[in-house]
Amino acid sequence: MGRLKSVWVYHVDAGSCNGCDIEVLDVLSPYYDIERLGVKVVPTPRHADVLFITGPLTRQTRIALKKAYEAMPPKPRIVVAIGTCASSGGIFYNSYALYNTSPQRGRDRLRSGGPEMIVPIDMYIPGCPPSPEEILYGVAQLLGIKEKKMKGEYWIALPPGEKSGKENEIEFTIPDRPIPVRYWLTLREELRRVVGYYDRDAVLNDFIELVGKAFESDDPRERLHDLVTGYFLKEKDSRVKVAMRFLENEFWRLVDEYREWGEALKRKYPVTAGV
Ligand code: SF4
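Procedures and definitions
Here the residue numbers are simple positions, counted from 1 along each chain's written sequence. Totals for whole chains, interfaces and linings use all residues, but because this is a predicted model, local features are given only for residues with pLDDT of at least 70 and pairs of side-chain atoms are given and counted only at 80 or more. By definition, any uninterrupted DSSP run of H or I lasting at least four residues is a helix, any uninterrupted run of E lasting at least two residues is a strand, and each is numbered from the N terminus. Partly exposed residues are those whose C-beta has more than 12 but fewer than 20 other C-beta atoms within 10 Å; 20 or more makes a residue buried and 12 or fewer makes it exposed, with C-beta atoms placed from the backbone. Any two residues are considered in contact once their C-beta atoms, placed from the backbone, lie within 7 Å. Nearness is defined per residue: the C-beta atom, placed using the backbone, must lie within 6 Å of the molecule or strand. Each residue receives one of three labels: charged for Asp, Glu, Lys and Arg, nonpolar for Ala, Val, Leu, Ile, Met, Phe, Trp, Tyr, Cys and Pro, and polar for the others, Gly being one of them. Here a helix's expected span is defined as the number of its residues, less one, multiplied by 1.5 Å. Along the arc lie the directions from the helix axis toward the C-beta atoms. For our purposes the nonpolar core covers buried Ala, Val, Leu, Ile, Met, Phe, Trp, Tyr and Cys residues that link as a set through C-beta atoms within 7 Å.

Where do I start with the overall build of the protein in this structure?
When you go through the protein residue by residue, the secondary structure sums to 9 helices and 7 strands. Taking all 275 residues of the protein together, 31% fall into the buried category. Restricting to contacts in the protein with at least 6 residues of sequence separation, those with at least 24 account for 68%.

Below, the structure is given as structure tokens:
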């Protein structure tokens, strides 16, 4: 992207809580005065060089966003995602209201939501919401009037003992759980529907402990059922009782459904042995 002298911006709220919109308005105020950088907000995408998007991509706003993007002149057509929601779906990532393009719809799909599903994003300004200074810094970079101070880093999940060796990659070890991380994430996600705001990690950790014990026996299915029943009888909170039985059923459903995937993972990460 060459040096831009000034840009005209069109702003689309793709479903934000309005927190980010208020910060965008702040940078327009005389205090921050983004116009001194040559940035002007225009009322139509047809005149815009840059599209500011705030909020995750909801089902209601996706067509309006796509139309706004397509109405922009073809060059430079720069898109800036402002805020965590516009960058990744943020706190709304698993909301039913978000647009989801994945053909693998259904309960096991960890939903995400971000406008990048339908428009290419050139710059992300994360934050919930990002401060006006952060937005100004991003715009200054866009205009080529500020040197980038940060370098990209990537977090790579590796089995214990393995090193990535690449300069900008940071290794982390997958937590040692007796079930694959994918199952754990799906169960955790599903559990929210059952226990609401109850501490679901506590319930899930108890369940995973039982899974670990069950796989020490020759018939883990039968053993897990007995262990869950034992837990069930001791527990007083009915939400936890329902959640435990629910986890048991969901766990075996995942194991059956992803057997092939589970086998491959088991070879790669021995911590998943037994599934
Ligand atoms: S990033 Fe935060 S402030 Fe911005 S839309 Fe999302 S929840 Fe609201």
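How should the site of the ligand be read in this particular structure?
Taken together, 13 residues surround the ligand, and among them Ser16, Gly19, Gly83, Cys85 and Cys128 come closest. Contributing elements (two or more residues each) for the shell around the ligand: α1 (19-28) and α3 (84-88). For the shell around the ligand, the per-class residue count stands at 6 nonpolar, 7 polar and no charged.

Could you clarify how one ought to interpret the environment of Val79 in this entry?
With respect to the secondary-structure elements, Val79 resides in strand β4 (residues 78-82). Exposure remark for Val79: the 21 C-beta atoms within 10 Å place this residue in the buried category. Separated by 44 residues in the primary sequence, Val79 and Met123 have C-alpha atoms spaced 6.6 Å apart.

Can you help me understand helix α8 (residues 238-257) in this one?
Because each turn of an α-helix spans 3.6 residues, side chains separated by three or four positions in sequence point in the same direction. The terminal C-alpha atoms of α8, which comprises 20 residues, lie 28 Å apart, in line with the 28 Å expected from a rise of 1.5 Å per residue. Looking only at α8, the buried set comprises Val240, Ala243, Met244, Leu247, Glu248, Phe251 and Leu254. Each buried residue of α8 sits inside an arc of 140° when the element is viewed along its axis, so together they form one side. Those residues of α8 that are exposed and aimed more than 90 degrees away from the buried face are Ser238, Asn249, Asp256 and Glu257. Contacts from the buried residues of α8 go to α5 (181-195), α6 (200-214) and α7 (220-234).

What exactly am I supposed to notice about unusual backbone geometry here?
The phi angle of most residues is negative, glycine excepted, and most peptide bonds adopt the trans form. Here the amide bond leading from Lys75 into Pro76 is cis, since omega sits at 0°, within 30 degrees of zero. For Pro76, the position within the fold is in the loop between α2 (62-71) and β4. Residue Pro129 is reached from Cys128 by a cis peptide bond, and omega for that bond is -10°. Examined against the element boundaries, Pro129 turns out to sit in the loop between β5 (123-125) and α4 (132-142). Positive phi values are uncommon outside glycine, yet Asp33 reaches one of about 45°. Assignment of secondary structure puts Asp33 in the loop between α1 and β2 (39-41). According to the C-beta neighbour criterion, Asp33 is exposed, with 12 such atoms within 10 Å. Located in the positive-phi region is Arg77, a residue other than glycine, with phi close to 50°. Tracing the backbone shows Arg77 in the loop between α2 and β4.

I'm lost on the nonpolar core in this one. Help?
One broad trend across soluble globular proteins is that nonpolar side chains are buried collectively. Judged by nonpolar contacts, the single largest core of 36 residues is most densely connected at Val50, Leu51, Phe52, Ile53, Leu65, Val80 and Ile82. Those elements that provide at least two residues to this core are β1 (7-13), α1, β3 (50-54), α2, β4, α3 and α4. If one sorts the elements of this core by residue count, β4 sits on top with 5 residues. Each residue touching Leu65, except ones within four places of it in the same chain, is listed here: Val12, Ala14, Ile53, Leu57, Pro115, Ile118 and Val119. In this structure, Tyr183, Val228, Met244 and Leu247 belong to the second largest nonpolar core, which totals 20 residues.

So yeah, pure geometry; function would need other evidence.
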